Amino acid sequence: MRRATIRQEGDETMSKKWVYLFEEGDQSMRQLLGGKGANLAEMSKMDLPVPAGFTITTEACIEYTRLGGKLPEGLMDQVREAMTKVEGQMNRSFGAVVDPLLVSVRSGAAVSMPGMMDTILNLGLNRQTLLGLADATNNPRFAYDANRRFIMMFGDVVLDIAKTRFEKVLSEHKKRLGVKLDTQVGSAAMQEVCNDYLALVLKETGAGFPGDPWKQLEMAIEAVFKSWNNERAFTYRKRERISDDLGTAVNVQAMVYGNLGNDSGTGVAFTRDPATGEHKLYGEYLMNAQGEDVVAGVRTPHPISDLRAQSAALYEEFDAIGRGLERHFRDMMDLEFTIERGRLWILQCRVGKRTGAAAVRMAVEMVDEGLIDRNEAIRRVHPSQLDQLLHPRLDPQAMHDEGVRPLVTGIAASPGAAVGKIVFSADDAERLGKAGEPVILVREETSPDDVHGMLEAKGILTARGGKTSHAAVVARGFGIPCVAGCESLEIDEEAQEIHARGETFKAGDWMTLDGSDGRIYGGQIPLIPPEVTGWFGRLMGWCDEVRELEVRTNADNARDARQAVEFGAQGIGLCRTEHMFFETDRLPIVREMILAEAEDKRLAALNKLQSVQQDDFEELFEVLEGRPVTIRLLDPPLHEFLPSYPELLQQVTELKLANNVLQGRALGAVLAEREKLLHAVESMRESNPMLGLRGVRLSLMFPGIVEMQTRAIYRAACKVARRGVPVNPEVMVPLVGHVNELKIIRARVIEIAEEAIGEQRCDIAIRVGTMIEVPRAALTAHEIAQEADFFSFGTNDLTQMTFGVSRDDAEGAFLQAYVERKILPANPFESIDIAGIGRLMRFAVTEGRQARPGLKCGICGEHGGEPASIAFCHELGLNYVSCSPFRVPVARLAAAQAALDGPRGGASAAALPKPEPQAKPARSRAKKAS
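All of these numbers come straight from a predicted model, not from anything done at the bench.

**Brief notes about the state of the cysteines**
- In this structure the tally under the stated criterion is one disulfide.
- Covalently, Cys718 is tied to Cys762 through a disulfide, its sulfur atoms 2.2 Å apart. Linking Cys718 in helix α28 (residues 703-721) with Cys762 in the loop between α29 (739-760) and β30 (768-772), this pair joins segments that are 44 residues apart in sequence. The same class applies to Cys718 as to Cys762, namely buried.
- Distance from the sulfur of Cys486, which forms no disulfide, to the nearest cysteine sulfur (Cys482) is 10 Å.
- Owing to a relative accessible area of 0%, Cys486 belongs among the buried residues under this scheme.

So this is what it looks like as structure tokens:
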């Protein structure tokens, strides 16, 4: 039976169609033929001047990998059959001595990966065909130049001999001849270059260069299949989130030559400017050149507009083809072309890569031109492209300069690029930043004590932490570029030095970081400022017309809230009140409250905090103008507001030693104060503070805090409402795991709120909800919903508790390796784990809405700004997502795309909530919330 199965599989493999002539395919076959092959097929059907050829399918690549690096049986027979037809179309023969047909061999995945995989030109040359090419073109110099290029490309791609080895040989010849350009190397000298190339191959391989054109082709096809898994391609796919299982097609195409003389040339062009989106032909070309010359930088290319002066007919023909392809594909196209002795050939086309600014402009203008509709325009812009519009980015031109390479790479924690002088303390960052100096704050990790300096820094770099670390969360909230978890950096804060790859950087040295990809550079790299345009506003308006999810923001101060509202936020989904306590003028009061030994002193401190909190809430209500403001009660453990235990211990030890020597009264007083503080911190230390006395537990054990915060919220709301500004406060209780916890705190919040409202004689709805971030809360949502006016999923903690990992430790220690080894499909702290966390969320929404119809549900974790997570929230039927201010436009776009991709569904669909008002909010003692 096993033998019969193997025989059957072998028969199926032999009968399978692995090869398609260009004219046999079309653009619908992209998955099979790859993007390049499908587009070549489509252009062939349009009767455009495309050199004949054929495509080997992505399935052949997948089968090659499955067979452990062996070409599928019957593949080369199909290649020979297809080559015969190409020979007939081009009137040349592959491997012939007279007028030989040469071919190019290029990769072409289903998803465009420009520059990531490998190309070979002029394949088919050997000693005999080389002479035939020279005779056919009457140009020996051209033939040797073509051979030189072929040996180098084949040697690099197939034989694994570094391209630089060949370039060094050519450079030595040019130096000996006293010339600078390849085109200045004559025929005899080019023949010598080819001989030296062949000698290099013989030395490196021991076998010499293969002379049989069919053997060359077979080896090249294998090399392209292998290139699917080279380091460049793997890195690109990882960054672009492209599956490793797609495989690449191989395109074999008849060569046409741009290096036959001054009536020949080659170039690359776009039907619109890929940097700005302007509707004009954009590109470069070189006469007497082959494809790689345009991008190699050896000669300076001409702008495509110069072709009009050189040959108006050729320019008009190319422009007409470009416009026709743009109409046909309904998108901006990237074209490669060759001019052979005055005749234009189109070698390939693909949808062009573009900047964020260009993507938005093109999408909007194509709607105006009638090329696409508004829904298609929304789909055209990738959410990540909006980051380019909202944050500075590195100048792409400068990135090509010699010597520009990343020192190290960390975790891209907050988008945008920054350039500044290195500082190692928050105080230095604040002092220099306020003096107008651009600074990069470098720390092992940040803490709440560093916020004042973080706000003045252009960028933040930490050696530890991940995308949900303190540095990352604060940076995203304020729109500051940040790279976290850069563990390969050695940061010596005492010596004020950074060591990376053998280089040392000191305080005051310039550094550049890119928070969008996590790369760090020494020195200054020019930046491009953010570009928010009228096209952006129109696109966002279209998004708002189709999306069903509200988009709120995570904001703790008026500045962030104002920025978020300008970006289109419809409310605040998470106001972290503890962030207000970390301000330099409030932190001493918080510490006074924590350390108070007498109740009257604790109440005095709470009264001071109430005053400043009320001022903060007033500012937020003023900015939001009636939009919902969801305020989370104090969440972190109290010890976070105190100095760290190791630092205090060191200070006390040093003070004791000094006191023993100096015996000063003032020194003794300082020592006593530090010892008291150390004792307080020691008494609050917990083995696992993230699972200790925090959240609702803190409110239960220290009721004065929740009373103070509730009083501040509703007194502020009343005060603003009496000025004629509508207000809509919501109180959110964190870390609830049992309904009884919420029941007690809810009752107390309502009682204090009603007192405050009664004092001010105003009418404000009281809404008390909870965060669903403890797995037990999700599993008992039917009980908790009876005491909650709304649910808000805190997916950071929910992920942490469900996976049983510490996010700050896991991201640096093993999560990246888990993703690379495909143990996990993605980092669950970046994109919601739908199979696990998503299932808990679905259960909680369904159970909660069954217990309380119309229950408002949202998400306020960092996932609220991540496109794939937003799509899940839409499908789940949530009311809103909440994210940092600079992610609001991204969330608006992602929510619109989710709405276009499909209706809301799932178990919760039947209980989709209606718009405000929500679930009988309390207004007075006579109208308490149920």
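Now that the structure is up, let's keep going.
**Quick notes on the sheet that holds strand β33 (residues 880-883)**
- With parallel pairing, eight strands are arranged side by side around a closed barrel as β26-β27-β28-β29-β30-β31-β32-β33. Looking at each pair of strands side by side, their axes are set apart by 30 degrees on average, direction ignored.
- In this sheet, strand β31 (residues 790-793) lies alongside β30 in parallel orientation, the contact comprising three bridges. By the bridge assignment for β31, Ile772 is matched with Phe793.
- Running over the sheet, helix α34 (residues 837-851) touches β31 and β32 (856-859) and is turned about 175 degrees from β31.

**Digging into the side chain of Ser882**
- With respect to the helices and strands, the residue Ser882 is situated in strand β33.
- Here the side chain of Ser882 touches Thr553 through a polar contact of 3.0 Å, landing on its backbone oxygen.
- There is a polar contact of 3.4 Å between the side chain of Ser882 and the backbone nitrogen of Gly573.
- If sequence neighbours within four positions are ignored, Ser882 has contacts with Arg552, Thr553, Asn554, Gly573, Leu574, Ile859, Cys860, Gly861 and Gly864.

**Brief notes about unusual backbone geometry**
- Positive phi values are uncommon outside glycine, yet Asn138 reaches one of about 55 degrees.
- Here Asn138 lies in the loop between α5 (127-137) and α6 (140-157).

Rules and cut-offs
Residues numbered from 1 in each chain as written. Predicted model: local features only at pLDDT ≥ 70, side-chain atom pairs only at ≥ 80, totals over all residues. Heavy atoms only, no water. Disulfide = S-S within 2.5 Å. Helix = DSSP H or I, 4+ residues; strand = E, 2+ residues; numbered from the N terminus. Buried < 20%, exposed > 50% of the residue type's maximum accessible area, 1.4 Å probe, protein only. Pairing = 2+ DSSP bridges. Axes fitted to C-alpha atoms, helices over the stretch in contact; angles between N-to-C directions. Contact = heavy atoms within 4.5 Å. Polar contact = N/O pair within 3.5 Å; in protein donor to acceptor, adjacent residues only side chain to side chain.

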